[in-house]
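Here's the letter readout for the chains.
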Amino acid sequence: MDGHMGLANSLAMKIAGIDKNTNDPVGGTIVRTTEREPTGLLVDAAMKLVFNVIPEVSVNDRREALLTASRHALMRGVTTVVDVGSYVPGTSEEQTWQDFSDVYEWAHSMGKMMIRVCLFFPMPTWPRVSDLIHERGRSLSGWIHLGGVKAFLDGSLGSSSAWFYEPYEDVPGDYGLQLLDMDVLLNATLESDKSGLQVAIHAIGDKANDMLLDMFDKVVSLNGTKDRRFRIEHAQHLSPGAATRFGEHGIIASVQPDHLLDDADSAGRKIGVERAERSSYLFRSLLAGGAHLAFGSDWPVSDIYPLQAIRTAMSRKLPGWEAPWISAERLPLDDSLKAHTISAAYA
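This report concerns the structure included in the present document. As the structure is a computational prediction, the values presented were derived from the model and not from experiment. (Residues numbered from 1 in each chain as written. Predicted model: local features only at pLDDT ≥ 70, side-chain atom pairs only at ≥ 80, totals over all residues. Heavy atoms only, no water.)

1. A closer look at the sheet that holds strand β3 (residues 38-44)
Working step 1: Here we have three strands laid out as an open sheet, ordered β1-β3-β2, and antiparallel in their pairing. Only two strands of the sheet have a single neighbouring strand rather than two, namely β1 (5-7) and β2 (28-32). Each strand axis lies, on average, 25° off the axis of its neighbour in the sheet, ignoring direction. (Pairing = 2+ DSSP bridges. Helix = DSSP H or I, 4+ residues; strand = E, 2+ residues; numbered from the N terminus. Axes fitted to C-alpha atoms, helices over the stretch in contact; angles between N-to-C directions.)

What follows is the structure in structure tokens.
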């Protein structure tokens with residue numbers, strides 16, 4: 001589910017060696033019964049326990065997947081994508097690099113690229129990205145651009161692992177998951193930024209977003225002012241005043257309007273109606289605060305469908321709903337078009 005929660009059956013758990021004596025890995029949760037028996041739900045880094053025993057997908061299947069995905073995107077009018085790699089909490093950092101060499105470089109050498117891609121790599125591998133850019137330049141061709149590095153600070157609302165100041169309504173005492181130590185993240189961001197890499201970090205909960213904004217303040221203070229284009233991926237739930245902080249350093253709010261269709265109905269149950277309505281998907285507030293608002297899909301979590309995303313940002317209505325969800329945050333057509341074109345290109 002949305003890359004942050006997996007479901008394993010009893011045989012998969014047996015193969016992976018998961019039982020009531022298995023400890024939760026750092027940055028992950030094995031959901032359990034009251035008797036501590038695993039239910040099969042594995043959140044964030046706990047998924048790696050099962051990922052480790054799933055057979056690898058063949059190189060040919062991965063190459064075919066790129067071509068199929070490219071055709072799908074082109075059919076929806078998308079000509080450029082940002083690919084942050086097959087890297088979610090719990091997966092190997094090496095897979096993204098294998099895809100780069102086995103799939104993208106193959107497609108490039110064989111003349112099979114049909115969509116422009118901007119590639120991001122797992123943040124712990126920033127020295128490799130820096131070396132690659134030093135050796136081959138930012139653009140390998142008109143098709144492949146080397147963007148920077150990606151990290152995750154928290155999980156998702158749907159899996160109750162987004163990191164909030166207040167606990168979840170439906171899981172008392174649970175504030176979500178902090179997936180990375182802030183000192184580790186700061187040091188990796190400082191080094192990546194010094195090397196000229198663009199940094200993109202996933203944050204969904206209000207606390208995760210504030211922690212990133214505080215950290216970016218430190219990076220600017222230590223590394224100086226420049227055109228760095230920090231990206232906060234999702235920026236989904238913001239504390240009061242956070243939207244205006246994006247504008248202080250020209251931070252990019254990389255948001256996905258169609259996630260709103262999944263969350264509008266459930267956010268009230270997850271974090272309470274009042275919290276949800278003051279903090280969720282604050283597109284208009286972010287623009288007013290000077291953020292660079294860039295739309296995307298987060299495919300395959302949501303479908304690649306820019307026209308629908310633009311419509312969602314304008315209406316904020318779920319199918320069958322009479323009234324919009326948080327109507328003050330609706331965007332006009334012009335701002336929505338810019339977010340999915342020139343601002344997405346800038347990002």
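2. With respect to the sheet that holds strand β5 (residues 116-122)
Working step 1: Pairing in this open sheet of seven strands is parallel, and the strands run β4-β5-β6-β7-β8-β9-β10 from one edge to the other. Strands with a single pairing partner mark the edges of an open sheet, and in this sheet they are β4 (80-83) and β10 (292-295). On average, each strand axis in the sheet is tilted by 25° relative to the strand beside it, whichever way the strands run.
Working step 2: In terms of strand pairing, strand β8 (residues 231-234) meets strand β9 (residues 252-255) through three bridges, oriented parallel. The partner of E233 across the bridge, within β9, is S254.
Working step 3: Where helix α5 (residues 126-136) meets the sheet, its contacts fall on β5 and β6 (144-152), and the angle it forms with β6 comes to roughly 170°.
Working step 4: Helix α7 (residues 206-223) contacts β7 (198-203) and β8 of the sheet and is inclined by roughly 155° relative to β7. (Contact = heavy atoms within 4.5 Å.)

3. What about the environment of G137?
Working step 1: Within the element layout of this structure, G137 appears in the loop between α5 and β6.
Working step 2: If we ignore the near neighbours within four places in the chain, the residues touching G137 are L132 and L146.

4. Overview of helix α6 (residues 182-194)
Think of an α-helix as 3.6 residues a turn; residues three or four steps apart then line up on the same face.
Working step 1: With 13 residues, α6 extends 18 Å between its outermost C-alpha atoms, agreeing within 8% with the 18 Å of an ideal straight helix rising 1.5 Å per residue.
Working step 2: Taken together, the buried positions of α6 are M182, L185, L186, A188, T189, L190, S192 and D193.
Working step 3: The secondary structure elements touched by the buried residues of α6 are α5, β6, β7 and α7.
Working step 4: Sitting at the amino-terminal end of α6 is D181, which places a side-chain oxygen 3.0 Å from the backbone nitrogen of D183.
Working step 5: Looking one or two residues past α6, G196 carries a phi angle of roughly 85°, positive in sign. (Expected span 1.5 Å × (residues − 1). Buried < 20%, exposed > 50% of the residue type's maximum accessible area, 1.4 Å probe, protein only. Polar contact = N/O pair within 3.5 Å; in protein donor to acceptor, adjacent residues only side chain to side chain.)

5. Looking at the packing of helix α3 (residues 59-75) against helix α4 (residues 94-109)
Working step 1: One way to put it is that α3 packs onto α4 with a least axis distance of 10 Å and a crossing angle of 70°. The orientation of α3 with respect to α4, classified from their angle, is roughly perpendicular. Once α3 is placed against α4, the crossing between them reads as right-handed. Residues V59, R62, R63, L66 and L67 of α3 touch α4, and the partners they reach there are Q95, Q98, D99, D102, V103, Y104, W106 and A107.
Working step 2: Of the residues that constitute the contact of α3 with α4, the class distribution is seven nonpolar, two polar and four charged. (Parallel < 35°, antiparallel > 145°, perpendicular 65-115°, else oblique. Left-handed = near helix turned anticlockwise from the far one by under 90°. Nonpolar A, V, L, I, M, F, W, Y, C, P; charged D, E, K, R; others polar.)

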